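# Summary of structural features
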Amino acid sequence: MSDTAIARFDADAAARGLDVEVVERPAADSLEQAAALLGIIPGDIVKTLVVKRHDGGFLLALVPGGRSIAWKKLRTVVGVNKLSMPDAATALEASGYERGTITPIGATGDLPVVADERVLGRRIALGAGRHGASAFVDADALVAAYDATVADITDEEPVRG
């Protein structure tokens, strides 16, 4: 991540009054390993996913660990018939961050945020805008700072084996 992106992240957090703790961490091979490295449960890790609207616009979806976007639910909340996941280059262009680092904090484009209701009431870890780091923040404060829509937008991921 460039110094410009770090400055953008820090400036946005400060402007919104968010108390964010950025923690350096090694890479992890799984959600469970990442949670163990951070000393939290998997559901406290929140992925920020760039979602493309049929009209060409984008939004950010906050999805707790162990869950995935329920497309029908998200389409209903957003009020559109078609949503999709853009490729990595498009996600970078839309948010200003590479996949694996995406966060609403400092994201470019003033993208609307839709948070799964399960993130509320907890301290979460999400992308910090750079590889090798996680940002800890109070989920309720994050939702308020971005005027996020909160709804049931996920399903439990199937157990892989």
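Residues numbered from 1 in each chain as written. Predicted model: local features only at pLDDT ≥ 70, side-chain atom pairs only at ≥ 80, totals over all residues. Heavy atoms only, no water.

## What to know about the UniProt feature "domain: YbaK/aminoacyl-tRNA synthetase-associated" (unreviewed entry) in the protein chain
The UniProt record marks residues 26-142 with the feature "domain: YbaK/aminoacyl-tRNA synthetase-associated" (unreviewed entry), using the residue numbering of this structure. For residues 26-142, helix accounts for 24% and strand for 30%, while the C-alpha atoms at its two ends are 25 Å apart. (UniProt positions renumbered as here; feature names shortened; annotations may be inferred. Helix = DSSP H or I, 4+ residues; strand = E, 2+ residues; numbered from the N terminus.)

## Notes on the sheet that holds strand β6 (residues 113-116)
The strand order across the open sheet built from five strands is β5-β2-β3-β6-β9, with neighbouring strands paired in mixed fashion. Edge positions in the sheet fall to β5 (83-84) and β9 (149-151), since each has one partner strand and no second. (Pairing = 2+ DSSP bridges.)

## Some details on the side chain of Asp 12
The topology assignment puts Asp 12 in helix α1 (residues 3-15). Beyond its immediate sequence surroundings of up to four residues, Asp 12 is in contact with Pro 104, Ile 105, Gly 106 and Tyr 146. (Contact = heavy atoms within 4.5 Å.)

## Quick word on the environment of Ala 34
Summarising the element assignment, Ala 34 is placed in helix α2 (residues 31-38). Under the relative-accessibility criterion, Ala 34 is labelled buried at 16%. Leaving out residues up to four positions away in the same chain, Ala 34 has contacts with Ala 28 and Ile 45. (Buried < 20%, exposed > 50% of the residue type's maximum accessible area, 1.4 Å probe, protein only.)

## Section: unusual backbone geometry
Positive phi, normally seen in glycine, also occurs at Asp 110, with a value near 50 degrees. Mapped onto the elements of the fold, Asp 110 is located in the loop between α4 (88-95) and β6. For Asp 110, a relative accessible area of 68% gives the class exposed. In the Ramachandran plot, Asp 147 falls in the positive-phi region, its phi being about 50 degrees despite a non-glycine side chain.

## Focus on the layout of surface pockets
The space that makes up the largest pocket amounts to roughly 900 Å³. Around the largest pocket, the lining comprises 32 residues; the ones closest to its centre are Ser 30, Leu 31, Ala 34, Ile 45 and Lys 47. Contributing elements (two or more residues each) for the lining of the largest pocket: α2, β2 (46-53) and β7 (123-127). For the lining of the largest pocket, the element with the most residues is β2, which contributes five residues. Its residues assigned to classes, the lining of the largest pocket comprises 16 nonpolar, eight polar and eight charged. (1 Å grid on protein atoms, 1.4 Å probe; cavity = no way out; pocket = protein on both sides within 12 Å on 5 of 7 lines; lining within 4 Å. Points joined across faces, edges and corners; volume = space filled by probe spheres on them. Nonpolar A, V, L, I, M, F, W, Y, C, P; charged D, E, K, R; others polar.)

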